[in-house]
Amino acid sequence: MLNIVFYEPEIPFNTGAIARTCGLTHTRLHLIKPLGFKVDDKHLKRAGLDYWHLVDINYYDSYDELLEKYPDSNFYLASTKAKKKYSDVKYKDGDFIIFGPETRGLPEDLIFSNYKNAIRIPMLKDYGRSLNLSNSANIILFEALRQLDFLDLE
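Caption draft 1: Broad picture of the overall build of the chain. Along the chain, the regular secondary structure elements total five helices and seven strands. The helix and strand sequence of the chain, counted from the amino end, reads β-α-β-α-β-α-β-β-β-α-β-α. Across its three principal axes, the chain shows a C-alpha extent of roughly 35 × 35 × 35 Å. For the chain, the proportion of its 154 residues judged to be buried stands at 45%.

Encoded structure:
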């Protein structure tokens, strides 16, 4: 099973959308607090539609708590500041792909302390904007799933 991590997500629609994807791909979703919404937010529920019963969702008070729970796992950090393309990684079952908040991305100290595992989606340079969070998560998740022959999905 692959793992998607949203670090301090701010917009309920994005979290709801990736929850739906996670439910349909048997991918575990991890959310690191603080969240920019309440988990009973109507927009979050609406974006996830009726897929919530399929989602394996876990909450953490900090990034360190996540690392402590999975000390031997591979963590890839999605960032526009990375040099390595997401498609240059050989993903393994159990890997974690981490995405930062919509308005600011992952903290630079986190990215640069794990720079060998920082990945990016190629897009226009110096535009100052990036792809939508849930779209980015879907792009990278499906590349990892493709490499793993979709982990028995039909």
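Resuming the write-up.
Caption draft 2: Structural detail: the pairing of strand E6 (residues 96-99). Side chains Phe96 and Ile98 of E6 all project onto a buried face; the interleaved residues Ile97 and Phe99 project onto the opposite face, where all are buried too. With four bridges joining them, strand E1 (residues 3-7) and E6 adopt parallel strand pairing. Looking across to E6, one finds that Ile4 is bridged to Ile97. Examined bridge by bridge, strand E4 (residues 75-78) and E6 share three bridges and lie parallel to one another. Within E6, the residue paired with Tyr76 across the bridge is Ile97.

Caption draft 3: Looking closely at the sheet that holds E4. Pairing is parallel in the open sheet, where seven strands are placed in the order E3-E2-E1-E6-E4-E7-E5. The open sheet has two free edges, formed respectively by strand E3 (57-60) and strand E5 (84-85), since each of these has just one partner strand. Pairing of E1 with strand E2 (residues 28-32), which is carried by five bridges, proceeds in the parallel orientation. Note that in E2 the partner of Val5 across the bridge is His30. Packed on one face of the sheet, helix H5 (residues 133-147) meets E1, E4, E6 and strand E7 (118-120) and runs near 165° to E6.

Caption draft 4: Spotlight on a nonpolar patch on the surface. On the surface, a nonpolar cluster with roughly 210 Å² of combined accessible area is contributed by Met123, Leu131 and Ile139. Of note, Leu131 is situated in the loop between E7 and H5.

Caption draft 5: Region of interest: the packing of aromatic side chains. For the structure on display, the rule yields six aromatic pairs. Each ring, one from Phe6 and one from Phe99, has its centre 6.1 Å from the other, and the planes form 75°; the classification is edge-to-face. Here Phe6 is found in strand E1, whereas its partner Phe99 is found in strand E6, with 93 residues between them in sequence. Judged by its relative accessible area of 0%, Phe6 falls in the buried class. In this structure an aromatic cluster arises from ring pairing among Tyr70, Phe75 and Phe96.

Caption draft 6: Summary view of the side chain of Thr21. If you trace the backbone, Thr21 turns up in helix H1 (residues 12-25). Its relative accessible area of 13% is what places Thr21 among the buried residues. Here the side chain of Thr21 touches Asn138 through a polar contact of 2.9 Å, side chain to side chain. In this structure Thr21 touches Asn138, Leu141 and Phe142, once residues within four positions along its chain are discounted.

Rules used throughout
Residues numbered from 1 in each chain as written. Predicted model: local features only at pLDDT ≥ 70, side-chain atom pairs only at ≥ 80, totals over all residues. Heavy atoms only, no water. Helix = DSSP H or I, 4+ residues; strand = E, 2+ residues; numbered from the N terminus. Buried < 20%, exposed > 50% of the residue type's maximum accessible area, 1.4 Å probe, protein only. Pairing = 2+ DSSP bridges. Contact = heavy atoms within 4.5 Å. Axes fitted to C-alpha atoms, helices over the stretch in contact; angles between N-to-C directions. Patch = residues over 30% accessible without salt bridge, like charges linked within 9 Å, V, L, I, M, F, W, Y side chains within 5 Å. Areas by Shrake-Rupley, 256 points an atom, 1.4 Å probe, with all protein chains shown as cover. Salt bridge = Lys/Arg side-chain N within 4 Å of Asp/Glu carboxyl O. Phe/Tyr/Trp six-rings, centres within 6.5 Å; stacked < 30°, edge-to-face > 60°. Polar contact = N/O pair within 3.5 Å; in protein donor to acceptor, adjacent residues only side chain to side chain.

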